[in-house]
Amino acid sequence: MNYQLSFTQIWRHFDKLSYGVLLSIELAVIAILIGAVIGLTLAVIYVSSGRVVRAFISAYVEFIRNVPLLLLVYLVFYGLPTVVNIAYDASTSFIVTLSVYAGAYLVEVFRSGLDAVPKGLLDAGKAMGLTPWQRLLHVRLPTMTRITLPALSNTFISLFKDTSIASVIAVPELTFGAQWINNRTFRIVEVYAVTTVIYLVAGYLILFGLRMLERRFRVER
Amino acid sequence: MSAIPLLKISRLTKSFGTNQVLKSVDLEVTAGEVVTVIGPSGGGKTTLLRCVNFLEAYDGGSIKIDGREVGYTDNAGGKKRGEVDLAAMRAETGMVFQSFNLFPHLNAEQNVMLGLRQVRKKPHKEALEIARHWLDRVGLSHKTGSLPSELSGGQQQRVGIARAVAMDPKILLLDEITSALDPELVNEVLDVVRQLASDGMTMLIVTHEIAFARDASHRIVFVADGSVSAQGKPDELMAEVANNERLRSFLSRFSATAH
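In short, a report on the structure.

Thresholds applied
- Residue positions within a chain follow its written sequence, with the count starting from 1.
- Written order determines the labels here, with chains lettered from A and ligands numbered from 1.
- A pLDDT threshold of at least 70 governs which residues receive local features in this predicted model, and a stricter bar of 80 or more applies before side-chain atom pairs are shown or counted, although totals over entire chains, interfaces and linings include all residues.
- With hydrogens and water stripped out, all remaining heavy atoms of the structure feed into the side-chain values.
- Runs of E in the DSSP output that reach at least two residues are strands. Runs of H or I that reach at least four are helices, and both are numbered from the N terminus.
- Radius of gyration here is computed from C-alpha atoms only, and the compact-globule reference equals 2.2 Å multiplied by the residue count raised to the power 0.38.
- Only protein chains enter the accessibility calculation, which uses a 1.4 Å probe. A residue is then buried if its area is under 20% of the maximum for its type, exposed if over 50%, and partly exposed in between.
- In this description, contact between two residues means that some pair of their heavy atoms is separated by no more than 4.5 Å.
- Only the protein chains shown count as cover for residues, and all accessible areas are computed by the Shrake-Rupley method using a 1.4 Å probe.
- Counted as positive: Lys and Arg. Counted as negative: Asp and Glu, with His and the chain ends omitted from the count.
- We put the charge of a Lys on NZ, of an Arg on CZ, of an Asp on CG and of a Glu on CD.
- Patch membership is restricted to residues that have no salt bridge and whose relative accessible area is over 30%. Joining uses 9 Å for like charges and 5 Å for the nonpolar side chains Val, Leu, Ile, Met, Phe, Trp and Tyr.
- Salt bridge, as used here, is a side-chain nitrogen of Lys or Arg placed within 4 Å of a carboxyl oxygen of Asp or Glu.
- A pair of strands is labelled paired if DSSP reports no fewer than 2 bridges between them.
- Think of each axis as a best-fit line through the C-alpha atoms, taken over the contacting stretch in the case of a helix, with angles from 0 to 180 degrees between the N-to-C directions.
- When two parts are put together, the accessible area they lose, computed with a 1.4 Å probe and summed over both, is reported as buried area.
- The aromatic pairing rule takes the rings of Phe, Tyr and Trp, using the six-membered ring of Trp, and pairs them if the centres are within 6.5 Å, calling planes under 30 degrees apart stacked, those over 60 edge-to-face and the rest tilted.
- Every angle not falling under 35 degrees, over 145, or within 65 to 115 is termed oblique; those three ranges are roughly parallel, roughly antiparallel and roughly perpendicular.
- Take the far helix as the reference: if the near one is turned anticlockwise from it by less than a right angle, the crossing is left-handed, and if turned clockwise, right-handed.

## Quick look at the overall build of chain B
Now for step 1: Looking only at helices and strands, chain B features nine helices and ten strands.
Now for step 2: By the compact-globule yardstick of 18 Å for 259 residues, chain B fits well, its C-alpha radius of gyration being 18 Å.
Now for step 3: Overall, the C-alpha framework of chain B stretches about 55 × 50 × 45 Å when taken along its three principal axes.
Now for step 4: Within chain B, the fraction of its 259 residues that count as buried is 56%.
Now for step 5: Relative to all contacts within chain B whose residues are 6 or more apart in sequence, the contacts with residues 24 or more apart total 63%.
Now for step 6: Surface exposure of chain B reaches about 11100 Å², of which carbon and sulfur atoms provide 48%.

## Let's talk about the overall build of chain A
Now for step 1: Along the backbone of chain A there are nine helices and zero strands.
Now for step 2: Start at the N end of chain A and walk to the C end: the helices and strands fall as α-α-α-α-α-α-α-α-α.
Now for step 3: Viewed in the frame of its principal axes, chain A has a C-alpha envelope of about 75 × 45 × 25 Å.
Now for step 4: The burial tally for chain A puts 45% of its 221 residues in the buried class.
Now for step 5: Relative to all contacts within chain A whose residues are 6 or more apart in sequence, the contacts with residues 24 or more apart total 79%.
Now for step 6: When the accessible surface of chain A is split by element, carbon and sulfur atoms take 66% of a total near 11700 Å².
Now for step 7: Here chain A carries 19 positive and 12 negative side-chain charges, and the mean point of each set is 7 Å from the other.

## A word on a nonpolar patch on the surface
Now for step 1: Taken together, the side chains of A:Tyr3, A:Leu5, A:Ile188, A:Val189 and A:Tyr192 present a nonpolar region at the surface, about 460 Å² in accessible area.
Now for step 2: Along the chain, A:Leu5 falls in the segment before α1 (8-12).

## Topic: unusual backbone geometry
Now for step 1: Of note, A:Phe186 is a non-glycine position whose phi angle comes to about 55°, a positive value.
Now for step 2: For A:Phe186, a relative accessible area of 66% gives the class exposed.

## A few points about the sheet that holds strand β9 (residues 219-224) of chain B
Residues and elements named next belong to chain B.
Now for step 1: Reading across the sheet, the six strands line up as β6-β7-β8-β3-β9-β10 and stay open at both edges, with mixed pairing between neighbours. Each edge of the open sheet is held by one strand with a lone partner, namely β6 (93-96) and β10 (227-232). The mean angle between the axes of side-by-side strands here comes to 20°, regardless of whether they run parallel or antiparallel.
Now for step 2: Alignment of β9 against β10, held across five bridges, turns out to be antiparallel. Paired with Ile220 across the two strands is Gly232, which belongs to β10.
Now for step 3: Packed on one face of the sheet, helix α6 (residues 183-198) meets β3 (34-38), β7 (171-175) and β8 (203-206) and runs near 150° to β8.

## As for the interface of chain B and chain A
Many structure descriptions define interface size as the accessible area lost when the parts assemble.
Now for step 1: Taken together, the contact between chain B and chain A spans 25 residues of the former and 22 residues of the latter.
Now for step 2: Of all residues in chain B, B:Phe103, B:Pro104 and B:His105 bury the most surface against chain A, accounting for 27% of the area lost on that side.
Now for step 3: Scanning the region where chain B abuts chain A turns up two salt bridges.
Now for step 4: Across the salt bridge formed by B:Glu83 and A:Arg135, the nearest N and O atoms sit 3.9 Å from each other.

## Some points on the pattern of salt bridges
Now for step 1: For the structure on display, the rule yields 26 salt bridges over all chains.
Now for step 2: Note that A:Glu190 and A:Arg187 form a salt bridge whose closest N and O atoms lie 3.1 Å from each other.
Now for step 3: Note that B:Asp199 and B:Arg137 form a salt bridge whose closest N and O atoms lie 2.5 Å from each other. Within this pair, whereas B:Asp199 is found in the loop between α6 and β8, its partner B:Arg137 is found in helix α4 (residues 124-137), the two being separated by 62 residues in sequence.
Now for step 4: Taken together, the shared-partner salt bridges in this structure form one network comprising A:Lys119, A:Asp123, B:Arg50 and B:Glu56.

## Regarding the packing of aromatic side chains
Now for step 1: Tallying each qualifying case throughout the model produces ten aromatic pairs over all chains.
Now for step 2: With a centroid separation of 5.9 Å and an interplanar angle of 20°, the aromatic rings of A:Phe7 and A:Trp11 are classed as stacked.
Now for step 3: Both rings, one in B:Phe54 and one in B:Tyr58, keep their centres 5.9 Å apart while their planes meet at 85°; by these two values the pair is edge-to-face. In terms of burial, B:Phe54 and B:Tyr58 fall into one category: buried.

## A look at the sheet that holds strand β5 (residues 68-69) of chain B
Neighbouring strands of a sheet are bound in pairs by backbone hydrogen bonds; such pairs are parallel or else antiparallel.
Residues and elements named next belong to chain B.
Now for step 1: Ordered by their spatial adjacency, four strands build an open sheet running β2-β1-β4-β5, and the pairing between neighbours is antiparallel. Looking at strand neighbours, the two that pair on one side only are β2 (19-29) and β5, the edges of this open sheet.
Now for step 2: Two strands pair when backbone bridges link them, and strand β4 (residues 60-65) and β5 are joined in this way by two bridges, in the antiparallel orientation. Bridge pairing in β5 links Lys64 to Glu69.

## Description of the side chain of A:Thr131
Now for step 1: In this fold, A:Thr131 is placed in the loop between α6 (119-127) and α7 (132-162).
Now for step 2: Classification of A:Thr131 by relative accessible area gives buried; the value is 17%.
Now for step 3: Filtering out sequence-adjacent residues up to four positions away, A:Thr131 remains in contact with B:Val84 and B:Ala87.

## Here's the deal with the packing of helix α4 (residues 69-83) of chain A against helix α5 (residues 90-116) of chain A
Residues and elements named next belong to chain A.
Now for step 1: Packing of α4 against α5 leaves a shortest axis separation of 9 Å and a crossing angle of 130°. In terms of orientation, α4 and α5 fall into the oblique class. In this structure, the crossing between α4 and α5 has a hand that is right-handed. Where α4 approaches α5, its residues Leu69, Leu72, Val73, Val76 and Phe77 are matched on the opposing element by Ala90, Ser93, Phe94, Thr97, Leu98 and Tyr101.

Here it is in structure tokens:
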């Protein structure tokens, strides 16, 4: 074993990594935003609907949760255009996939959050004469937000890491950038070590931001 | 001018599954009256109170506030009112809870303002003035900006009272409002209730504070085993003890624990 670590080649192509991490964050943020809209909407519908609607939402959640993300990415990018006549670039395809994937996980997070709102608070809202919609808007959602923040942090970090899967359809995010440099330089240890550090730092920064939010909105019960 | 009762409950029944909690309750409260409901735990006191603003749907009989049937368009078994109608109806009553139930994301002022803004549709400035007025009345003018988590139990409950009375309800329902408080905080809350009573607020109070019931209410209603077992002015009820076995054993248990 006489391997000499050398990062020179990595720094030379560092733009692939810096561009990559920004794209990773962008993919994650867009997918989380769309996924949050899907998740919140379906969670609210779920808790206020009958069995049939609930069954449909559960089916969506269970389907997504039991199929590997990698497979979904292939299905949407390669499969969908052959069935339906649409064309889209790899990034868009991945955002669609990750949004639908995030939505399923977030339905569960928001649903358990809505269920965890203390019944007494809803009684208080009812007793003062708030309509169901006003109770949702002014009591249930604000309380739920505070309850779900810790679980949301975990989901957000997972989704950020899941953007690495976009590399399989050549979306030039961080992992793809690392592969690209590796293919050029064969500096496998160095490039993946640097990439790991970048994931760690970015992930930690996201977590740190969310922890600040949690502290600000902590709910006392 | 014999007063028409503001609240008229007749032959009220309510079951949870096979457990019949209320077996034909009759009760009237006239405007300005303070009526206290006492009785053993599990006797249906809280359920009775929660039927009055339809937090619990009752099964039979009738509850009328100002002549209007609560919860149903006719009697129990009639058509249930729609959610918006129910909400408007509940706004006529105020409720204070055993566990305070303040909204944790809103400060004291905002807790009081929510109903004024959303239900009474008051402009922001007016709602703020009303909220500050009532927080001042309950002795919390220095805590208007505090979150519930920053307040003691007694302070939280006083915000709870301010939140309910600020809506100018026809009747105020108090559900064991001192049961969750440390003993030394009970009086600051009861003092507020005494003040409201002397202002002429109509109140239906469920409590375990027998001494308070005796000196603050016009009438005491003893509910046991799902129905009204005895009622009367405080001294009348105490005179009743000799003839009412259940009342006697209930009150004796109380004086036993008081020592």
